[in-house]
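# Working through the structure, step by step
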Amino acid sequence: MFPRFAIIEPNVLTGLGLQNILEDIIPMAEIKQLQTFEEVLGLKTEDFVHFFVSSRIYFEHTQFFRQQAAKSIVLVNGDMAISGVKTINVCQSEKDLVRDILALNRSKHGPHGSMPIPHHVAMHPQKSPDMILSPREIEVAVLLSKGCINKEVADRLDISLATAISHRKNIMDKLHARSLADVIVYVVMNGLADVSEL
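Attention here is on the structure that accompanies the text. (Residues numbered from 1 in each chain as written. Predicted model: local features only at pLDDT ≥ 70, side-chain atom pairs only at ≥ 80, totals over all residues. Heavy atoms only, no water.)

Attention now goes to the overall build of the chain. Scanning the chain from terminus to terminus reveals ten helices and five strands. Residue burial in the chain is summarised as follows: out of 198 residues, 48% are buried. A fraction of 54% describes how many contacts in the chain between residues 6 or more apart in sequence connect residues 24 or more apart. By element, 52% of the accessible surface of the chain is carried by carbon and sulfur atoms, the whole surface being about 9800 Å². (Helix = DSSP H or I, 4+ residues; strand = E, 2+ residues; numbered from the N terminus. Buried < 20%, exposed > 50% of the residue type's maximum accessible area, 1.4 Å probe, protein only. Contact = heavy atoms within 4.5 Å. Areas by Shrake-Rupley, 256 points an atom, 1.4 Å probe, with all protein chains shown as cover.)

Next comes the structure, spelled out in structure tokens:
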């Protein structure tokens, strides 16, 4: 059975953006988009691994989501903290959002343990990470994941800017990555860097 997630967010664009990111990180997940709390009441909550819920809906129905505390992740605007509740800031870059979702995976929360994030992004089970990317490409991928721009990568590795750009293109091609977020997922899921370093 595929893991199921619900995004409970009245803002359609926010919900679709989060859905696209989750589908990149967890391609086999089933993600249900909901815009109102009333739609949640029609769900069998035990079938869902997590509820990504807007802060407004969370605060309007706190009692319900407190009962689902291990599954509930509140979508906040900014670095707002809610005591005893997992939150994700939706007003940040895609890279930072992916990093925060991966950090939730590392926290080992809830009865289901960690979020079921697979080794994906062109990862083949019989291959180790260094067989997909060359050692130099791994170095470049890690630096890109840490937020370095091409020039910084070139300077740190003492290579030309053209070489750094070429490595970046090769990495994106080899991993079938659509964005830097895919590279970050690959780096973290293969233990090439810890999420706390990014």
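A separate point is the pairing of strand β2 (residues 30–34). In regular strands, side chains alternate between the two faces of the sheet. With five bridges connecting them, strand β1 (residues 4–8) and β2 associate as parallel partners. Across the sheet, the residue bridging to Ala6 is Lys32, located in β2. After leaving β1, the chain enters helix α1 (residues 12–25) and then returns to the sheet as β2, a path that is right-handed. (Pairing = 2+ DSSP bridges. Right-handed = clockwise from strand over helix to strand, strands pointing away.)

As a further point, take the nonpolar core. Ranked by size, the top nonpolar core spans 24 residues in total, and within it Ile25, Phe52, Val98, Ile101 and Leu102 carry the most contacts. Of all elements in the fold, only β1, α1, β4 (72–76), α5 (94–106) and α10 (180–189) reach the threshold of two or more residues within this core. Counting residues in each nonpolar core, the second largest holds 22 residues, with Ala141, Val142, Ala177 and Ala193 among its members. (Core = buried A, V, L, I, M, F, W, Y, C linked by side-chain atoms within 4.5 Å.)

To characterise two packed helices, one gives the angle between the axes of the helices and the distance between these axes. Remark: helix α7 (residues 135–145) packs on α10, axes separated minimally by 9 Å, with the N-to-C direction vectors making an angle of 115°. With respect to α10, the element α7 is oriented roughly perpendicular. Handedness of the crossing formed by α7 with α10: left-handed. Between α7, through Ala141, Val142, Leu144 and Ser145, and α10, the contact on the second element is made entirely by Leu180, Val183, Ile184 and Val187. (Axes fitted to C-alpha atoms, helices over the stretch in contact; angles between N-to-C directions. Parallel < 35°, antiparallel > 145°, perpendicular 65-115°, else oblique. Left-handed = near helix turned anticlockwise from the far one by under 90°.)

Here we come to the sheet that holds strand β3 (residues 50–54). Strand pairing in a sheet is mediated by backbone hydrogen bonds. Such pairs are either parallel or antiparallel. One open sheet holds the five strands; their spatial order is β2-β1-β3-β4-β5, and the pairing between them is parallel. The strands lining the two open edges of the sheet, one partner per strand, are β2 and β5 (86–89). Across the sheet, the mean angle separating the axes of adjacent strands is 20° when strand polarity is ignored. Of the strand pairs in this sheet, β1 and β3 are connected by four bridges, and their pairing is parallel.

Another aspect to go through is the pattern of salt bridges. Within the structure shown, the criterion is met by ten salt bridges. Here Asp100 and Arg99 are joined by a salt bridge, their closest N and O atoms 3.1 Å apart. Among the residues examined, Arg99 registers a relative accessible area of 21% and is labelled partly exposed. With its nearest N and O atoms 2.7 Å apart, the salt bridge here joins Asp173 to Lys169. With Asp173 and Lys169 both in helix α9 (residues 161–174) and four residues apart, this pair spans about one turn of that helix. (Salt bridge = Lys/Arg side-chain N within 4 Å of Asp/Glu carboxyl O.)

Turning next to the environment of Val74. If you trace the backbone, Val74 turns up in strand β4. Linking Val74 and Ile8, residues 66 residues apart in sequence, is a C-alpha distance of 9.5 Å. Setting aside chain neighbours within four positions, we find Val74 in contact with Val53, Ser54, Ser55, Tyr58, Ile82, Val85, Lys86, Thr87 and Ile88.

The next subject is unusual backbone geometry. One non-glycine residue, Asp158, lies in the positive phi region at around 55°. Among the secondary structure elements, Asp158 is positioned in the loop between α8 (150–157) and α9. Its identity as a non-glycine residue notwithstanding, His176 has a phi of 55°, on the positive side. Within the secondary structure, His176 sits in the loop between α9 and α10.

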